[in-house]
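Tertiary structure, described
Below are the chains, spelled out letter by letter.
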Amino acid sequence: MSLQTHFIPSLVVFLLSFPSYYSLPGISEASGYDASAGRVYPWYPSTIQGRNFGSKIMSSKMGRSLAAVKTFNVNDYGAKGDGSDATEAFNNAWKAACSSSQGSVLVVPKNKNHLLKPITFEGPCKSSITVQIYGTLQASADRSAYSKDLTRWLVFENVQNLAVEGGGTINGNGKIWWENSCKVNDDLSCKDAPTALIFYNCKNLVLKNLKIQNAQKMHVSFEKCVGVEVSGLTITAPADSPNTDGIHVTRTQNIQISSSVIGTGDDCISIVSGSQKVQATGITCGPGHGISIGSLGDGNSEAHVSDVTVNGATLTGTTNGVRIKTWQGGSGSASNIKFQNIEMHNVKNPIIIDQKYCDQDKPCKSQSRAVQVQNVLYQNIKGTSSSSEAIQIDCSEKFPCKGIALQGIDLRVGGKAAKAECNNAKITERGNVSPSCT
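These remarks concern the structure in this document. Throughout, a residue's number is its position along its own chain's written sequence, starting from 1. Given that the model is predicted, a residue must reach a pLDDT of at least 70 before its local features are reported, and side-chain atom pairs must reach 80 or more before they are shown or counted; all residues, however, enter totals for whole chains, interfaces and linings. In computing side-chain properties, one takes all heavy atoms of the structure into account and sets aside hydrogens as well as water.

Pairs of cysteine sulfur atoms within 2.5 Å are identified as disulfides in what follows. Applying the stated rule across the entire model yields six disulfides. Between the sulfur atoms of C268 and its disulfide partner C285 the distance amounts to 2.1 Å. Taking the torsion about the sulfur-sulfur bond, which here is approximately 85°, the covalent link between C268 and C285 counts as right-handed. Pair noted here: C268 is in the loop between β16 (253–263) and β17 (269–271) and C285 is in strand β18 (residues 275–285), with a separation of 17 residues, a long-range link. A relative accessible area of 2% means that C285 is categorised as buried. Here the disulfide map of the protein chain reads 1-2, 3-4, 5-6, 7-8, 9-10, 11-12, the bonded cysteines being numbered as they appear in the sequence. For C202, which is in no disulfide, the shortest distance to another cysteine sulfur is to C225 and amounts to 4.7 Å. The cut-offs for exposure are 20% and 50% of the maximum accessible area for each residue type, with area from a 1.4 Å probe on protein chains only; residues under the lower value are buried, those over the upper are exposed, and the others partly exposed. By relative accessible area, C225 is classed as buried at 0%. Secondary structure counts use DSSP, requiring at least four H or I residues in a row for a helix and at least two E residues in a row for a strand, with both numbered from the N terminus.

The next subject is the environment of A417. Looking at the element boundaries, A417 is found in strand β27 (residues 416–417). Since its relative accessible area comes to 54%, A417 is described here as exposed. Spatially, the C-alpha atoms of A417 and T384 are 9.7 Å apart, while their sequence positions differ by 33 residues.

Turning to the pattern of salt bridges, a few remarks are in order. Oppositely charged side chains may form a pair once their charged atoms are brought near each other. Any carboxyl oxygen of Asp or Glu within 4 Å of a side-chain nitrogen of Lys or Arg constitutes a salt bridge here. According to the stated counting rule, one finds eight salt bridges in the structure shown. Salt-bridge contacts for R152 lead to E157; the nearest nitrogen and oxygen are separated by 3.2 Å. For R152, a relative accessible area of 22% translates into the label partly exposed.

Shape descriptors only; they carry no functional weight alone.
Laid out in structure tokens, this is it:
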């Protein structure tokens, strides 16, 4: 009886103080928040925790779920949304949201177009933060605006427990950069260009439901991040736009990319050194250069990539399918890699391992060292090739590829059997494999 007397009033107080995430204070339709979607953070009930992305996530979610949410609308900081420069307004809104001790939501309203010069949204922040982009962010076309750093446009740096989403558009306005690229005009000297959206040294990150288009160079890059969930992205640029990778992953661990459509002038997804535990599922790719691991070992460098799974993808009209590319003279390894359940439609080089990759004007010198490629599975890959050789595995004589497994492969050219060219590799074939390396 005594227990009930004390427990019931305490329970009532607790329930009355518990916030409802479907009617959050300060967030309305006018600000751009779609209440019916119920997708306001700052805590995000993602599957990251289920993938063992860190035991701290559960405790941090529990702490954040009891906190009130504070909203910061860029309009309130001077952004007009009429295509005029809003860099200062966004910077001030971010500083206010980042310094808030309670979970914060930074809102970019619907039907607004904001011009932004290079800007860094820097942490650490005092609490979790969500950026809801409902309108359009457009890069400045003035190349002189990037004079301090030619490699960056929008950067989130040193931020934990961050979500960026909303269904809006990020437009890199890249045409002026493509026209001045040495890959388009041989008479021009080669210069760098900005990556549209960079996440650097971020932890527990969600990026979802955005349109990212016409990047100056790469569209999205994750560098030195841990615990990343990416989904529902639509990334587009012309097929002839140079170096416009869709999603670039470098020195990043525990990242899942899912349910995204990517068509650009370079790799749909590129995974380079220092990356581990990378998963990609439900990817639609094309045009572009396919899904690539590498390049690795450039300039005789040491490179390591491991535990990569691409499971469920459709590639159409790409210049490569699933590719591993390494330079001669490098060291390190690319290991424990799976390419599974992939459809190819008129794809050149559907399956390719190239340990003699050379992306330069002069021929690369033959070298004895190489990045070791080992334990790679190709399973249930079917469709059509636009090249006669659907499988090209060209490995190093001194460091031959090890543990390469082909299972359930059916790739054809114009209704006829394709060819396979396989050198310096230990290959196991299971079930139907056409074309065959043996």
